[in-house]
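Structure assessment
Here is what each chain is made of, one letter per residue.
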Amino acid sequence: MSKSKITREEALAFHLEPFPGKFEISATVPMTTQRDLSLAYSPGVAVPCEAIAESPELAYDYTNKGNLVAVVSNGTAVLGLGNLGALGSKPVMEGKAVLFKRFADVNSIDIELDTEDPEEFIKACKLMGPTFGGINLEDIKAPECFIIEQRLKEEMDIPVFHDDQHGTAVICAAGLINALHLSGKKIEECRVVLNGAGAAGIACLELLKSMGARHENCIMCDTKGVIYQGRTEGMNQWKSAHAVKTELRSLEQAMEGADVFLGVSVKGAVTQAMVESMADNPVIFAMANPDPEITPEDAHEVRPDAIVATGRSDYPNQVNNVLGFPYLFRGALDIHARAINDEMKIACAEALAALAREDVPDEVALAYGRKLTFGRDYIIPTPFDPRLIHRIPPAVAKAGMKTGAARRPIVDMDAYEIKLKARMDPTASILRGINARARQAQARMIFAEGDDPRVLRAAVMYQRTGFGKALIVGREADVKAKLEAAGMPDAVRELEVVNAANTGQLETYKEFLYHRLQRKGYDQTDIHRLAARDRHVFAALMLAHGHGDGMITGATRKSAHALDLIGHVFDTDAEHGAVGITAILHKGRIVFVADTLVHEWPDETDLANIAERAASVARDMGLEPRVAFVSFSTFGYPVSERAEKMHLAPKVLERRGVDFEFEGEMTVDVALNAKAQAAYPFSRLTGPANILVVPARHSASISVKLMQEMAGATVIGPILAGVDRPIQICSITSTATDILNMAVLAACKVG
C-alpha cells in the first residue's frame, strides 16, 4: 500500500478531535449506586487490599496489573526527530499505548519522565513496579538505553523491554529465518554485515547470535567503519562485545561476499556496487527510516536474486515492530512473567516466520490489494493478519513457561488460544477490508455540499488516501476560501469543483429531470431551479449520467429532506425497495439497525424486505447475517396487536427460503445476548444477532441515537440500500471522518 499524504493540519486535527489525545480511561465495573462505590472504594476495597498484602501474587487477580503496561520514555530519541524532551514525546507514547490496545488488547499508560539522568530514570521505574505488569521502554538515546534496560531487568520482577532494540531485532530475525530458508542457507554458515551500531543494531546482532550466528562471521560497522578488535575510536562496551579479529576496515570491504546485510543506519549508506559484491542470493534488510540504506529497486537492478526488506509499508517485506511488542507482552502478561528473555523473543520470531509460510487469509490479501504468497516478496506476516493474536502469544507463553519465567503457567493452551481470538475487535478488520476495496475501486466520488468545511476535509482525505477522485459541487471561489480557512490551501489545486455554470451538461440534466417530474406538478421553471440551484439534485443528476461513481450528501440537510431531493432523480422510496440501514460499532461489536431512513411503519412484508436488504449490506461488509425481528415481546408474550407483524415477518422469510439466519419476534436483550438465547433452544439463531429489524422508523432512530449519545457508540449511516446508484446520506452532526467513512461505503457500493 502506498503511503497517503498527511498534512500538518490533518495530523493536528486527528489529535485534537473529538477529544485531545488518543485514548481515555473507562471503568470496567458499575459505578452508579452507593453500594457500587462502597465496593469499589471504602469500605469494600479493604478486602482485596489485605488479601494482596498477605499474598502479593493476588494483585494479578484483583487489580488490572496483569494487563497493564507502562510505556516509559524521556524523549531523548523520538522516532527520527531526535531529542524532543519528555513532553514532546507524549504523542508518540500515547500512540504506542493505543497500538498495544488495538493489536493485543493490552491496556497501557504512557509515562514521560523529565530526566536524562539514567539513575533517576531507573529509580522512577522501580518505584512504579507494583503498578504494572510490564514496562516498555521507548525512544531513549544510546548508550543510556542499554544502562537503563539492563539495570531494570536485573532489579525488577516484571518484564522490561526496550522496543527500539528488541522489537526490531525480533521482526528482523523472523524475516531472516524465512529469507535463509528461501536461499537455502544456514545461519551458522552465513557472513553477516550490520551497519548501524546503535540500540537496534546491537540488539539485532545479539539475537542472531543467540539463534546460532557465529561471532567471527558477524561484522558490525558504524560511521567510522568496521568494529574490529583493537579499535579505540568511537568505541564503548556494547560495541566492543561485537568486535572481531579482521583486516576489514570499511563497509564496502565488509560487504564483499557477505550473505546478509542488516541496516539500521541512514539513507544511501549502501551502493549498488556493494550489493553487487555480495554472495549469491543475498539477503538485504535495509531498515533505515524513513528512507532505506538502498531501495529495493536499486538493489534488484544489480542483483535480481536478492531478497530485500525495508522498514516502509510501501515496499514488500516491511520490518514493523507492531508485529512483535504487542504479542510479546500479551504472552508475557498472561503467564505473569518475571521477564521477557531471549528464548521468548526467539519463539516470537519463529512463530512469525512460520505464520508467513502458511496460506494467507483472503481478508488480508484484500486489505493489501494483492494475493500474498510465501516467497521473496512475502517473508514476514502483515501487521493486519488476524491470526497474529492467537498464534504469537501462545508461542511466547510456552517459551516463558519452559524457561521458568512464568509465575502462573497456562494449563489449557487450546482454551488460551480461544480466549485470545475473543480479544480481537472484529470491527477493525471489517473497516480495513472496506477501505481496501474502496482503494481498489478508485471511484469518482461526488461530494454534494462543497460549502461545508467538514465535507471539504473529507473530500481531501478521500483523494489523498488514494480512494479515488473527489468531485466537489460548489462555487470555486467559495471552495477555495473555505479550504484556506481550514488550513488546506494546497488542496485547491487537487480537487475538481463542479457546478451548473461549468458543467456543460446542464441542458441534458434538465431534460432528464423534466421527463421524470413533468407529471408530478413540476414545470420548466421548477426544473431549472432544481437542476441549476439545488446542489443535492445537481449532484444526483451528475451521478445518474455517469459523471461520477458515487455520491455523498446530508451533512447540511436532515436525512429525510436530502432523501426527498435525491428522490427527484432516483427511486428512493419504500415502494421501490429503498432501505436505510445504520451500523452501530461499540466495544468490539457491530450491529445493524433497519430501517432508519425510509419506511415509516412497515408491515410484515416490508419488514422481510428490509431484512433481506440488511443481510446484503452485512455481507457487503464481511459479516454473515443473523437477523432478529425485535419488539417488546418474545415469541408471542406478552400478546399485543402491535407486535403481531414482528411475529409474522419471519414467516415471510421462511416462505421465501432465504439463505441467512433469522428469528423473531424477540426483545433486544434476547437478540444480542447468547445466554438469554439459551432459554429458547428452538431459536434458529446460532449466536447473537448482528441485524436488528425494528417495528418502525421512529424506534430505529431512537435506538441509534440513544446508543450514540449514552454509550458513545460509533455510528455509520444510515446506509442507503436498494437504490440504482451508490448514494450515502450523512447526518448533520457528522464529522469529517464520518463523511469519509460514508464515501468509502459508497465507493465499495455497499447497499
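Described in the following lines is the structure provided in the data block.

Once that is clear, we can look at a nonpolar patch on the surface. Judged by side-chain polarity, Val 29, Met 31 and Leu 37 come together as a nonpolar surface patch covering roughly 250 Å² of accessible area. Within the fold, Val 29 resides in the loop between α1 (8-16) and α2 (34-40). Using a relative accessible area of 48% as the deciding quantity, one classes Val 29 as partly exposed.

Scanning the model with the defined rule gives twelve aromatic pairs in all. Ring geometry for Phe 635 versus Phe 682: centroids 4.9 Å apart, planes at 70 degrees, classification edge-to-face. A residue pair is termed long-range when its members are at least 10 positions apart, and Phe 635 in the loop between β17 (626-630) and α28 (644-656) and Phe 682 in the loop between α30 (674-677) and β19 (691-693) qualify at 47 residues. Assessed through its relative accessible area of 22%, Phe 635 is described here as partly exposed. With relative accessibility at 53%, the residue Phe 682 sits in the exposed group. Each ring, one from Tyr 680 and one from Phe 682, has its centre 6.1 Å from the other, and the planes form 80 degrees; the classification is edge-to-face. Among the aromatic residues, those joined into a ring-pair cluster are Phe 100, Phe 161, Phe 325 and Phe 329. Against the face of Phe 325 rests Lys 96, its NZ or CZ located 3.8 Å from the ring centre. Above the face of the Tyr 228 ring, Arg 249 is positioned so that its terminal group lies 3.6 Å from the ring centre.

A few words now on the sheet that holds strand β11 (residues 445-447). Reading across from one edge, β13-β12-β11-β14-β21 is the order of the five strands in this open sheet, with parallel pairing throughout. Lying at the two open borders of the sheet, with one neighbouring strand each, are β13 (496-498) and β21 (727-729). Averaged over all pairs of adjacent strands, the angle between their axes in this sheet comes to 25 degrees, without regard to strand direction. The pairing of strand β12 (residues 470-473) with β13 spans three bridges and is parallel. Following the sheet pairing, Ile 472 is matched in β13 by Val 497.

Quick look at the sheet that holds strand β20 (residues 714-721) now. Ordered in space as β18-β17-β19-β16-β15-β20, the six strands form an open sheet in which the pairing is mixed. Both edges of this open sheet fall to β18 (661-666) and β20, since each of them pairs with a single strand only. The mean angle between the axes of side-by-side strands here comes to 20 degrees, regardless of whether they run parallel or antiparallel. Relative to β19, β17 runs parallel, the two sharing three bridges. In the sheet register, Ala 628 faces β19, and the bridge partner there is Leu 692. Its contacts with the sheet place helix α27 (residues 604-620) against β15 (579-586), β16 (589-594), β17, β19 and β20, and it is angled at close to 160 degrees to β19.

Where helix α24 (residues 524-533) meets helix α25 (residues 535-544), the closest approach of the two axes is 5 Å, and the angle between their N-to-C directions is 80 degrees. By the criterion of interaxial angle, the relationship of α24 to α25 is roughly perpendicular. Contacts between α24 and α25 involve Leu 530, Ala 531 and Arg 533 from the former and Arg 535, Val 537, Phe 538 and Leu 541 from the latter. Partitioned by chemical class, the residues of the contact of α24 with α25 number five nonpolar, no polar and two charged.

Evaluation of the coordinates by the stated rule reveals 40 salt bridges. Lys 90 is paired through a salt bridge with Glu 94; the nearest N and O atoms lie 3.8 Å apart. Of this pair, Lys 90 and Glu 94 are both found in helix α6 (residues 90-104), four residues apart, which corresponds to roughly one turn of the helix. Accessibility expressed as a relative area gives 27% for Lys 90, which makes it partly exposed. Looking at Glu 94, the relative accessible area reads 12%, which means it is buried. A salt bridge links Glu 624 to Arg 619, with the shortest nitrogen-to-oxygen separation between them at 2.8 Å. Judged by its relative accessible area of 48%, Glu 624 falls in the partly exposed class. A cluster of three or more residues bridged by salt bridges with shared partners is formed by Lys 90, Glu 94, Asp 110 and Glu 112.

With that out of the way, let us pick up the nonpolar core. With 99 residues, the main nonpolar core has Val 72, Ile 135, Leu 137, Leu 262, Phe 285, Met 344 and Leu 352 as its most contacted residues. No other element matches the nine residues that helix α9 (residues 163-183) contributes to this core. Apart from residues no more than four positions distant in its own chain, Met 344 is found in contact with Leu 328, Ala 332, Ile 335, Ala 337, Ala 339, Val 396, Ala 399, Gly 400 and Ala 405. Of all hydrophobic cores here, the second largest spans 66 residues; its members include Met 488, Ile 552, Cys 730 and Met 742.

Rules behind the numbers
Residues numbered from 1 in each chain as written. Predicted model: local features only at pLDDT ≥ 70, side-chain atom pairs only at ≥ 80, totals over all residues. Heavy atoms only, no water. Patch = residues over 30% accessible without salt bridge, like charges linked within 9 Å, V, L, I, M, F, W, Y side chains within 5 Å. Areas by Shrake-Rupley, 256 points an atom, 1.4 Å probe, with all protein chains shown as cover. Salt bridge = Lys/Arg side-chain N within 4 Å of Asp/Glu carboxyl O. Helix = DSSP H or I, 4+ residues; strand = E, 2+ residues; numbered from the N terminus. Buried < 20%, exposed > 50% of the residue type's maximum accessible area, 1.4 Å probe, protein only. Phe/Tyr/Trp six-rings, centres within 6.5 Å; stacked < 30°, edge-to-face > 60°. Lys NZ or Arg CZ within 6 Å of the ring centre and 35° of its normal. Pairing = 2+ DSSP bridges. Axes fitted to C-alpha atoms, helices over the stretch in contact; angles between N-to-C directions. Contact = heavy atoms within 4.5 Å. Parallel < 35°, antiparallel > 145°, perpendicular 65-115°, else oblique. Nonpolar A, V, L, I, M, F, W, Y, C, P; charged D, E, K, R; others polar. Core = buried A, V, L, I, M, F, W, Y, C linked by side-chain atoms within 4.5 Å.

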